[in-house]
Structures are given as C-alpha cells and as structure tokens.
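Each chain is listed here by its residues.
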Amino acid sequence: MELFVHDLFIVLRLYLIITVINILFFCDQHIMAFLDKQSLLFVETADMLARIARETLVHARLPNFHIPAAVEVLTTGTYSRLPVCIRVSSEEIMLPTISNVLFLFFFVSLLIV
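These figures come from a predicted structure and were not determined experimentally.

### A short note on the overall build of the protein chain
Scanning the protein chain for helices and strands turns up 3 helices and 0 strands. Listed by position from the N terminus, the elements making up the protein chain come as α-α-α. Relative to its 113 residues, the protein chain shows a buried fraction of 2%. In the form shown here, the protein chain has an accessible surface area of approximately 11100 Å², with 74% of it arising from carbon and sulfur atoms.

### Points about the pattern of salt bridges
Using the criterion set out here, one finds 1 salt bridge in the structure. Between R51 and E55 there is a salt bridge, and its shortest N-O distance comes to 3.4 Å. Residue R51 and its partner E55 are located together in helix α1 (residues 2-55), separated by 4 residues, close to a single helical turn. The class for E55 is partly exposed, based on a relative accessible area of 47%.

### As for a nonpolar patch on the surface
On the surface, I31, M32, F34 and L35 cluster together into a nonpolar patch covering about 400 Å² of accessible area. Within the element layout of this structure, M32 appears in helix α1. Using a relative accessible area of 42% as the deciding quantity, one classes M32 as partly exposed.

### Thoughts on the confidence of the model for the protein chain
Taken over all residues, the pLDDT of the protein chain has a mean of 78, while the share at 70 or more is 82%. By mean pLDDT, helix α3 (residues 98-112) is the weakest element of the protein chain at 72, and helix α2 (residues 67-76) is the strongest at 85.

### Quick notes on the side chain of E72
Along the polypeptide, E72 turns up in helix α2. Side-chain polar atoms of E72 contact the backbone nitrogen of S80, separated by 2.8 Å. When neighbours within four sequence positions are excluded, E72 is seen to be in contact with G77, T78, Y79, S80 and R81.

Calculation rules
- Residues numbered from 1 in each chain as written.
- Predicted model: local features only at pLDDT ≥ 70, side-chain atom pairs only at ≥ 80, totals over all residues.
- Heavy atoms only, no water.
- Helix = DSSP H or I, 4+ residues; strand = E, 2+ residues; numbered from the N terminus.
- Buried < 20%, exposed > 50% of the residue type's maximum accessible area, 1.4 Å probe, protein only.
- Areas by Shrake-Rupley, 256 points an atom, 1.4 Å probe, with all protein chains shown as cover.
- Salt bridge = Lys/Arg side-chain N within 4 Å of Asp/Glu carboxyl O.
- Patch = residues over 30% accessible without salt bridge, like charges linked within 9 Å, V, L, I, M, F, W, Y side chains within 5 Å.
- pLDDT = per-residue confidence, 0-100.
- Polar contact = N/O pair within 3.5 Å; in protein donor to acceptor, adjacent residues only side chain to side chain.
- Contact = heavy atoms within 4.5 Å.

The following block contains the structure:
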C-alpha cells in the first residue's frame, strides 16, 4: 500500500509539472505575441515619423519671433505695446484667497467622507 501511495504521489507530481509547463507555454505564447505586436507598432510608428520628417516637415518653418517684445517682457515683466482692447486691470483678475481655498478644501473633504 505504501508503494502504491508513493507511486501515486510521483504520478500526481508529474501531472502537476506537465500542467504547469503547459500553462507556462500557453502564457509564453501570448506574451511573445503581445511583444511582437508592440514591436511591430513601434517600428511602424518610427517609419511614419521618419517619412513625415522627410516629406512634410521639410517645408515647415518657425515664425520669426519678435525679439524686442520678448526682451521687454523678460526684463520688465510687462509689455507696454499691448493693445488697449485686451488689457485687463489687476482689479478685474480675482485671485483665490487663502480663505476661499480652505473653504473649498473643507467642502470637498465633506463630500468625500
């Protein structure tokens, strides 16, 4: 009887090993298929970007930047040549105060809980 149990245990272990190998092989095939698909997408994307760079972007040019305006904004922090129709006074811009932010945070925390 003891020999039978030992042989049964060995057969069961062999069966489990074969089952695990089949599962791993099946998963390995899916992983390899996924990686092949990702590799193909990567190569196609690189080819498309290279084609766009060769054909379309050859004619693309950046506009000439207005250097005096950039220097004025970076040095003074303002732009005096800004048209009046789009100037906004500092009173019209409502910056959030600390009390408004704390109230909003408290209100949101009540909604979450």
